[in-house]
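# Chains, contacts and geometry: an overview
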Protein chains: 2
Amino acid sequence: MNQIKQYINQHASRFEKELFAWLEIPSISTLKIYKPHIKASAELLKKYLLQAGIASVKLLETEGNPLVYGEKIVDEKLPTILIYGHYDVQPVDPLALWTNPPFSPTIRDGKIYARGVADDKGQVFAHVKALEIMHQLGNLPCNIKLLIEGEEEVGSGGLQRFLDKKENLQLIQADCVVVSDTSIQAMDKPSIPIALRGITALTIKIQSAKKDLHSGVYGGAVANPIQVLCTLLAALKNKEGQVAIPGFYDDVVALSTAERNAMNSGFSLEKYKEELGIADVDGEKDYTTLERVGIRPALDINGMWGGYIEEGVKTVLPAEAHANISIRLVANQDPLKVAQACKAYLISKAPKSVRIEVDIHQGGSKAFKTSTRTPGLKAARKAFKQVWGKDPVWMYEGGSIPILSKMQDKMGVDVVLLGFGLDSDNIHSPNEHFGIKNLHLGIETIINFYQTFAKTK
Amino acid sequence: MNQIKQYINQHASRFEKELFAWLEIPSISTLKIYKPHIKASAELLKKYLLQAGIASVKLLETEGNPLVYGEKIVDEKLPTILIYGHYDVQPVDPLALWTNPPFSPTIRDGKIYARGVADDKGQVFAHVKALEIMHQLGNLPCNIKLLIEGEEEVGSGGLQRFLDKKENLQLIQADCVVVSDTSIQAMDKPSIPIALRGITALTIKIQSAKKDLHSGVYGGAVANPIQVLCTLLAALKNKEGQVAIPGFYDDVVALSTAERNAMNSGFSLEKYKEELGIADVDGEKDYTTLERVGIRPALDINGMWGGYIEEGVKTVLPAEAHANISIRLVANQDPLKVAQACKAYLISKAPKSVRIEVDIHQGGSKAFKTSTRTPGLKAARKAFKQVWGKDPVWMYEGGSIPILSKMQDKMGVDVVLLGFGLDSDNIHSPNEHFGIKNLHLGIETIINFYQTFAKTK
């Protein structure tokens, strides 16, 4: 391993320069105006992979953003690892809360601050550099395929359809899928997620009169769409913090008491509240905080707007109100079934005085869950132990990587979540960051994992 | 009257040109960046008043926007009329719904389309032209004072404090206050408002965590401020459409059955719904539509926002959610008492997991109500009858002119609402307009009113 550490140290400043250049590209997938930057982000990744010895790398067009695909087959007899990740990033607002511009990477206290650095460019970059090192040192121990997409933050639409074609499944066939897009509990507490929540999302529009009205002339006689929408959204939860949609919890798999006890150990509620700056947590009755995000579904309003939302006051009775909601799912909930139940519930509760539109977004995904006894998970555990000096703990994570359950189903292989971020990295928030130490240890862990996994076949 | 009609016809195109120049100034009082235009709007009005023979006109500074004040004392023994109006206008969004730019006045079908043309520049302009005509024809029958403010759309803060000084009350003392800032029921159904609702407004902020969070990592365990705000705002109304704030209706004066019957006659609910494009009206149980806006208080959410409100999806658990609400008041509700009850109710319902801030806006105002038996109202009725050919009906209006009840109290005089707009003029909405015929008949009605009222003393 000393040779690897040495390489990383020798090339650390070049690594940073290259990662910075990638982070400077605002590859926000949810906003159409960033289309050119999506393309540029994919192209730069392709360049870095060529440089790392993946000569076959190319962009595969999809119905959405292109996939960056490459492979290096050392020997057909060796196991093959498919590396999955994404080069698209989340939007950056509210901009006012960033300390440095989100696309001007800056180092503070050994951490790189930039949108997408932890989620997921920095982590994909760790794989690129692991490959470069093994290429340079001539010790790549297995076959490698890479599939890096550009729509993870918007439901992986293009990749979803890509996986529906047999020839594509053949192309990317592997013995194990490795994903570095998650975090560990703490620097001294490495962890491996064994479950991720699924997701489904809906958009709601309430329309009252055909135009904005004077709230004096009409107020009290015409339905206020914001009031109606508030009433509908309030009705999504009951006083016990449960989601009130009929049938919502029907398919949820319950964990055993032993499993629940294991996942709750060592958690400090006080520290959690302090870090977030909240007086109290809030959620479903009879479940702990880690259970609420790990093994229970959750419904969140991600955005809501209606009426006059600028400075000052406008006494308007608005014509419309809007909300975006997303639902995090656990095993064995079906995204479409849950979304349809939500839609039906909202429509059933809307008064006759308004029109309601509920759109279910494309790209819903089931929850992901893996056994801890697969060769991949075993190799991951060993790699963490060797590089971080501690046995990693198994984690139930609240986030989602939309494509994983589909990959698992379609490819019939193990998926290993080998992530190196921290929960405090502010992903999806202002001041997203990723430790340089996390990057370097990540590269080492990845190489160690490849080497261990290569011996399992 | 023929001489007056003739003057209007001869000068109609100049009138339009002058009014257009005033309408082109975006004097939006709620947005700070329009401060220079507020000033420009006041200055141009001053110029028009000089031109109309009011030599004493000047701008009076207040804590807020300047007042345009002028007077013409013909004879101390004659009655004095104080003309009140405003030169500030509402914001213009949503801009996309305007047919012409809001500050580029355009004539279509005999109506002038521009922000502020009905509310209230066009109606103040009618007074200016009435004065010009009487000045030119040498037949001003009474003393005239004008007090045109620049903060009517934001609660008349400057004027409120102006009225607290004795010397100011002496300056503007009159026998009657005339306000042209309301509408008639239809061109063939002139009407005079005898009541206006008061208003009070509040801003609500809910804060959960200190920053936006990833809705996967934290969703289900940390309070969603939008969800909390929805629940609070939903609780402001009950299923009967009543405002659920304890004590809300305590001070409301009930009307007699005879009064209620009179105000409801001749109203077509079908036509009302069709004009607004709604399947049904919505409001307080046991009251008709006209009662709901005329004699009952109403609470409306004017704007609400939180989380990601741009194009696409961002799965964020936002840190904050915001709402602006306003409450229209009727006699004898006290603005501050009602606002405080609302604030206390919201705070009492907020869970411990969030911080709540509720700000009561300055400038709340009581409802306005006048007797129909005052000399001013009698003169107004006669003027409408002569110019429009029909007896006007008395109306309970839902809108507010914040300063009127204070003027009534402080000055101890009659207030006459002599307005010439139509409910369909889209005030506070896109495509605000004002009929050229309404302007011309308005000028005639005003002159007629001055002449009749002058004889009452």
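Residues numbered from 1 in each chain as written. Chains lettered and ligands numbered in written order. Predicted model: local features only at pLDDT ≥ 70, side-chain atom pairs only at ≥ 80, totals over all residues. Heavy atoms only, no water.

### Re the overall build of chain A
Within chain A, the regular secondary structure consists of 14 helices and 20 strands. Oriented by its inertia axes, the alpha-carbon framework of chain A measures out at about 80 × 50 × 45 Å. The buried share among the 457 residues of chain A stands at 62%. Intrachain contacts of chain A at a sequence separation of at least 6 include 79% that bridge at least 24 residues. (Helix = DSSP H or I, 4+ residues; strand = E, 2+ residues; numbered from the N terminus. Buried < 20%, exposed > 50% of the residue type's maximum accessible area, 1.4 Å probe, protein only. Contact = heavy atoms within 4.5 Å.)

### A word on the relation of the copies chain A and chain B
Mapping chain A onto chain B is achieved by rotating through 180° and translating by 0.0 Å along the same axis, at an RMSD of 0.0 Å. Expressed as a symmetry operation, the mapping of one chain copy onto the other fits a two-fold axis. Both copies contact each other with a shared surface, as 100% of the interface residues of chain A are interface residues in chain B too. (Least-squares fit on C-alpha atoms with pLDDT ≥ 70 in both.)

### Description of the packing of helix α1 (residues 2–23) of chain B against helix α2 (residues 35–51) of chain B
All names here are of chain B. For the pair α1 and α2, interaxial distance at closest approach is 10 Å and the crossing angle is 155°. In terms of orientation, α1 and α2 fall into the roughly antiparallel class. Contact with α1, carried on its side by Arg14, Glu18, Ala21 and Trp22, involves Ser41, Leu44, Leu45, Tyr48 and Gln51 of α2 and no other residues of that element. For the contact of α1 with α2, the class distribution of residues is five nonpolar, two polar and two charged. (Axes fitted to C-alpha atoms, helices over the stretch in contact; angles between N-to-C directions. Parallel < 35°, antiparallel > 145°, perpendicular 65-115°, else oblique. Nonpolar A, V, L, I, M, F, W, Y, C, P; charged D, E, K, R; others polar.)

### Examining the interface of chain A and chain B
Contacts between the two partners involve 85 residues from chain A, matched on the other side by 85 residues from chain B. Taking both partners together, chain A and chain B bury about 7,500 Å²; carbon and sulfur atoms supply 50% of that area. Where chain A touches chain B, the interface holds two salt bridges. Residues lysine 352 of chain A and aspartate 280 of chain B are paired through a salt bridge, measuring 3.9 Å at the closest nitrogen-oxygen approach. Our enumeration of links across chain A and chain B arrives at 38 residue pairs in polar contact (both at pLDDT 80 or more). Contributing elements (two or more residues each) for the side of chain A that touches chain B: β11 (213–214), α6 (215–218), α7 (225–234), α9 (269–276), α10 (289–294), β12 (298–307), β13 (316–317) and β14 (320–329) of chain A. Top element by residues in the side of chain A that touches chain B is β12 of chain A. It accounts for 10 residues. (Buried area = accessible area lost by both parts, 1.4 Å probe. Salt bridge = Lys/Arg side-chain N within 4 Å of Asp/Glu carboxyl O. Polar contact = N/O pair within 3.5 Å; in protein donor to acceptor, adjacent residues only side chain to side chain.)

### Focus on the packing of α7 of chain A against helix α7 (residues 225–234) of chain B
Contact geometry of α7 of chain A with α7 of chain B gives a least axis separation of 8 Å together with a crossing angle of 115°. Considered as vectors, α7 of chain A and α7 of chain B are oriented roughly perpendicular to each other. As for how α7 of chain A packs across α7 of chain B, the hand of that crossing is left-handed. Residue-level contacts link Gln227, Cys230, Thr231, Leu233 and Ala234 of chain A of α7 of chain A to Gln227, Cys230, Thr231, Leu233 and Ala234 of chain B of α7 of chain B. Residue composition of the contact of α7 of chain A with α7 of chain B, by class: six nonpolar, four polar and no charged. (Left-handed = near helix turned anticlockwise from the far one by under 90°.)

### What about helix α12 (residues 375–388) of chain A?
Residues separated by three or four positions in an α-helix point in the same direction, a consequence of the helix having 3.6 residues per turn. Residues and elements named next belong to chain A. Over its 14 residues, α12 runs 20 Å from end to end, which matches the ideal 20 Å to within 8%, given 1.5 Å per residue. Of the positions making up α12, those classed as buried are Gly376, Leu377, Ala379, Ala380, Ala383, Phe384, Val387 and Trp388. Angular distribution of buried residues about the axis of α12 spans 160°; they occupy a single face of the element. Facing away from the buried side of α12 by more than 90 degrees, the exposed set consists of Lys378 and Gln386. Contacts made by the buried residues of α12 are with β7 (176–179), β8 (183–184), β9 (191–196), β17 (393–396), β18 (414–417) and α14 (436–454). Following α12 by one or two positions, glycine 389 has its phi on the positive side, about 80°. (Expected span 1.5 Å × (residues − 1). Arc of directions from axis to C-beta.)

### Observations regarding the pattern of salt bridges
All names here are of chain B. Taken as a whole and assessed by the stated rule, the structure comprises 34 salt bridges over all chains. Across the pair glutamate 444 and lysine 5 runs a salt bridge whose closest N-O atoms are separated by 3.0 Å. With glutamate 444 in helix α14 (residues 436–454) and lysine 5 in helix α1, this pair connects stretches of sequence that are 439 residues apart. Classification of glutamate 444 by relative accessible area gives buried; the value is 5%.

### Quick word on the pairing of β9 of chain A
Residue and element names in this part refer to chain A. Most of β9 is tucked away: six of the six residues are buried. In this structure, β9 lies alongside β17, joined through four bridges in parallel fashion. Across the sheet, residue alanine 195 finds its bridge partner in β17, namely tyrosine 396. Across two bridges, β9 lies against strand β16 (residues 368–369) in antiparallel orientation. Each residue of the ladder has a partner; that of alanine 195, found in β16, is lysine 369. (Pairing = 2+ DSSP bridges.)

### Quick notes on the sheet that holds strand β4 (residues 106–108) of chain A
All names here are of chain A. Overall, antiparallel pairing links the three strands, which are arranged β4-β5-β20 in an open sheet. Lying at the two open borders of the sheet, with one neighbouring strand each, are β4 and β20 (433–435). Taking the axes of each pair of neighbouring strands and ignoring which way they run, one obtains an average angle of 30° across the sheet. Pairing between strand β5 (residues 111–113) and β20: three bridges, direction antiparallel.

### What about the confidence of the model for chain A?
Parts of the model with low pLDDT should not have their predicted coordinates read in detail. In this model, chain A carries a mean pLDDT of 95, and residues with pLDDT of at least 70 account for 100%. Model confidence for the complex is summarised by a pTM of 0.88, with the ipTM given as 0.88. (pLDDT = per-residue confidence, 0-100.)

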